[in-house]
Amino acid sequence: MIMEEDQKATEDPEEEARKRRRFTDIEDLGLDPKDCITVYLVSTKEEMDGGNGFQFNMLDFSGIFGDNGRIYGYQGLKISIWMNILSFQSFYEINFEKRSNFGKGITDLEPCLKILFLDNLVDNKDDFIESFSRDSHYIRDIISSGNILCQKSTEGHEIQIIRMGIEDAGYLYVRIVPLVVLLVEGFSYKLGSISIDLNDEGWDLYLLIEKPVDQTANNQDRLLGFFTVYRFYHYPDGLSRLRLNLILVLPPYQHKGYGSYVLHAINDIAIAGDAYDLTIKKPSKELQHLRTCIDVLQLLCFDPIQDAINATISLLEQGKLSNKASLPQLLPPMDVVEDARKTFRINKSQFLQCWEALVYLCLNSYAHAECVEEYFTVISNRVRAKILGTSSRSSGKKVIDIPSTVESKMSFVMFRGGGDGNEFKGVDVDQNIGEDHIKQLIDRRLEEIKLIAKKVYGT
Ligand SMILES: CC(=O)SCCNC(=O)CCNC(=O)[C@H](O)C(C)(C)COP(=O)(O)OP(=O)(O)OC[C@H]1O[C@@H](n2cnc3c(N)ncnc32)[C@H](O)[C@@H]1OP(=O)(O)O
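Description of the structure in this document. Please read all numbers here as calculations on a predicted model, not as lab measurements. (Residues numbered from 1 in each chain as written. Predicted model: local features only at pLDDT ≥ 70, side-chain atom pairs only at ≥ 80, totals over all residues. Heavy atoms only, no water.)

1. So, the sheet that holds strand S12 (residues 240-249)
- Taken in spatial order, the six strands of this open sheet run S8-S9-S10-S11-S12-S13, and their pairing is mixed. Looking at the sheet topology across the chains shown, the edges are occupied by strand S8 (147-154) and strand S13 (278-280). On average, each strand axis in the sheet is tilted by 25° relative to the strand beside it, whichever way the strands run.
- Relative to S12, strand S11 (residues 222-233) is paired through nine bridges, and the arrangement is antiparallel. Across the sheet, the residue bridging to Arg 231 is Leu 242, located in S12.
- Across the sheet, helix H8 (residues 258-272) touches S8, strand S9 (157-164), strand S10 (203-212), S11, S12 and S13, and the angle it forms with S12 is around 165°. (Pairing = 2+ DSSP bridges. Helix = DSSP H or I, 4+ residues; strand = E, 2+ residues; numbered from the N terminus. Axes fitted to C-alpha atoms, helices over the stretch in contact; angles between N-to-C directions. Contact = heavy atoms within 4.5 Å.)

This is the structure we're talking about:
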């Protein structure tokens, strides 16, 4: 629905002339959609009218408003979008003071919003308001065909994770896709990365549901979040591998422990299904942090790792790792990596992420403060080598020391050249990168490790 606000020209002609001059004199630089669009999650008419719904604006509109993502030809533009959090249909209103072509054309807003919301838009405000009561049990109906995977009790509610059949999942998925596009960085229609192939049985959709214990008509089941998992095969043993493709906890429910609950459930799915491993497709920074905290906590209680950590700390105490010209450094023994995969389904590259944090945690908690500096040097060297990959690569073989759980004395591993043997992810490789940028990336990694330690141990 588009509404042009009443002009106040007759009330203050001078002000109006000044505004008009100002607007026509300047080049139309376009508006950032983030500055003029607000989305409200609502479940009642009162929330909608009173502006009391959950409100968010810093959203990702890339790919929605043309190639450079800006909106042209408007002054005082305000787009309000209300999403019914019970049925995931939406209604919008567009308000502006002025609309005119100032050299860059006029963005046609309605088709853009239709690209975003697909068939989930309700055209009429009264219909939308009616949907609060009409569709109040939409979620309850949808999940009736699903299977409860796990549940826990909170005050007055059951929190359930429900696995959906792929067809029923499809109906709901189409309704929640607009939220994914807006809230998950890097997921856009353009990239085509959000689609689930409903004919591919490898896909599973799981819903995180809040169910009132009192299931009377006035109490609705609510969708708190969801995740999709893809199952494929590990060659040559034919075991399944699980990939978490997408996870979203809806904004009103974030930072309440649900993400953590879901990640534990996914780990359990992988273990119960005897999967080879569990991976996550391009995790966001926040998700990666959460995942590493969870994995580090599990690994800290995993006996086979203790000897390997102690051996690494011993090398750090002797200053043997930072002096090494060859890389990689601070690698765990491969048998420990394999044990962790078999026990927790943590894949190798995730294990290496956890390993640095595990060593740091043990350094800190067992009074090895004097070699923390040594540890920081080793991490800095590792990040630097990752960035400047090719310069430290050689075509020959490299022999490096690693801690061993097999023998008390040192073992060695030989790497054939061409790579730095380093499987750490998360740092961009750029050959022309400057020293300042390298320092920033090193600091960032050290901060990540310290933050994990703080969350896990409060150190
Ligand atoms: C493969 C992909 O899908 S990549 C994209 C990932 N998804 C997104 O980016 C979508 C938007 N974000 C989200 O959906 C969510 O924020 C998620 C999934 C990343 C995390 O879910 P949340 O429910 O917020 O996680 P959870 O609450 O368990 O933990 C988040 C933080 O809250 C903290 N926390 C956990 N429980 C509580 C609590 N009771 N009170 C306060 N804080 C808590 C955690 O320690 C954690 O803090 P940290 O981030 O500083 O370490």
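2. Remarks on the site of the ligand
- Around the ligand, 24 residues are found, and the nearest of them are Val 249, His 255, Gly 257, Gly 259 and His 289.
- At 2.7 Å from an oxygen atom of the ligand is found a main-chain nitrogen or oxygen belonging to Gly 257.
- A distance of 3.5 Å separates an oxygen atom of the ligand from a polar side-chain atom of Glu 286.
- For the ligand, whose free accessible area comes to 990 Å², the fraction covered by protein is 77%.
- Put simply, the parts of the chain that give the shell around the ligand at least two residues each are S12, H8 and helix H9 (285-300).
- Sorting elements by how many residues they give to the shell around the ligand places S12 first, with five residues.
- Here the residues of the shell around the ligand are counted per class, giving 11 nonpolar, eight polar and five charged. (Near = heavy atom within 4 Å. Polar contact = N/O pair within 3.5 Å; in protein donor to acceptor, adjacent residues only side chain to side chain. Areas by Shrake-Rupley, 256 points an atom, 1.4 Å probe, with all protein chains shown as cover. Nonpolar A, V, L, I, M, F, W, Y, C, P; charged D, E, K, R; others polar.)

3. Digging into the packing of H9 against helix H12 (residues 348-365)
- Contact geometry of H9 with H12 gives a least axis separation of 9 Å together with a crossing angle of 65°. Handedness of the crossing formed by H9 with H12: right-handed. Side by side, H9 and H12 meet where Gln 288, Arg 291, Thr 292, Asp 295, Val 296, Leu 299 and Leu 300 of the first sit next to Gln 350, Phe 351, Gln 353, Cys 354, Ala 357, Leu 358, Leu 361 and Cys 362 of the second.
- For the contact of H9 with H12, the residue count by class is nine nonpolar, four polar and two charged. (Left-handed = near helix turned anticlockwise from the far one by under 90°.)

4. A short note on the environment of His 255
- Here His 255 is to be found in the loop between S12 and H8.
- Judged by its relative accessible area of 72%, His 255 is exposed.
- Engagement of the side chain of His 255 in a polar contact is seen with the side chain of Glu 286, the distance being 3.2 Å. (Buried < 20%, exposed > 50% of the residue type's maximum accessible area, 1.4 Å probe, protein only.)

5. Considerations on the pattern of salt bridges
- Tallied over the entire structure, the rule returns 16 salt bridges.
- Among the ionic pairs, Asp 221 bridges to Arg 140, the shortest N-O distance being 3.3 Å. Linking Asp 221 in the loop between S10 and S11 with Arg 140 in helix H6 (residues 138-143), this pair joins segments that are 81 residues apart in sequence.
- For the salt bridge of Glu 356 with Arg 445, the shortest nitrogen-to-oxygen distance reads 2.9 Å. (Salt bridge = Lys/Arg side-chain N within 4 Å of Asp/Glu carboxyl O.)

6. Re the state of the cysteines
- Per the counting criterion, the structure on display carries zero disulfides.
- There is no disulfide at Cys 36, and the cysteine sulfur nearest it, in Cys 112, is 12 Å away.
- Here Cys 354 is not disulfide-linked; the sulfur of Cys 293 is the nearest cysteine sulfur, at 9.3 Å. (Disulfide = S-S within 2.5 Å.)

7. Thoughts on the nonpolar core
- In this structure, Phe 65, Leu 77, Phe 88, Leu 207, Phe 226 and Phe 227 are the most contacted members of the largest nonpolar core, which totals 77 residues.
- In terms of residue count, the dominant contributor to this core is helix H7 (residues 166-183) (nine residues).
- Beyond its immediate chain neighbours, meaning those up to four positions away, Leu 77 contacts Leu 31, Cys 36, Ile 71, Ile 94, Asn 95, Phe 96 and Leu 109.
- Of all hydrophobic cores here, the second largest spans 44 residues; its members include Ala 357, Val 359, Ala 453 and Val 456. (Core = buried A, V, L, I, M, F, W, Y, C linked by side-chain atoms within 4.5 Å.)

8. Digging into the environment of Met 334
- Note that Met 334 resides in helix H11 (residues 334-344).
- On the basis of relative accessible area, Met 334 is assigned to the partly exposed category, the value being 41%.

9. Considering the pairing of strand S2 (residues 37-42)
- Counted residue by residue, S2 has six buried out of six residues, so it is predominantly covered.
- In S2, alternate side chains face the same way, and those of Ile 37, Val 39 and Leu 41 on one face and Thr 38, Tyr 40 and Val 42 on the other are all buried.
- Here S2 runs beside strand S5 (residues 78-84); their pairing, made up of six bridges, is parallel. Pairing of Val 39 across the sheet is with Ile 81, part of S5.
- For S2 and strand S3 (residues 54-56), the ladder comprises three bridges, and the chain directions are antiparallel. What sits directly across from Tyr 40, in S3, is Gln 55.

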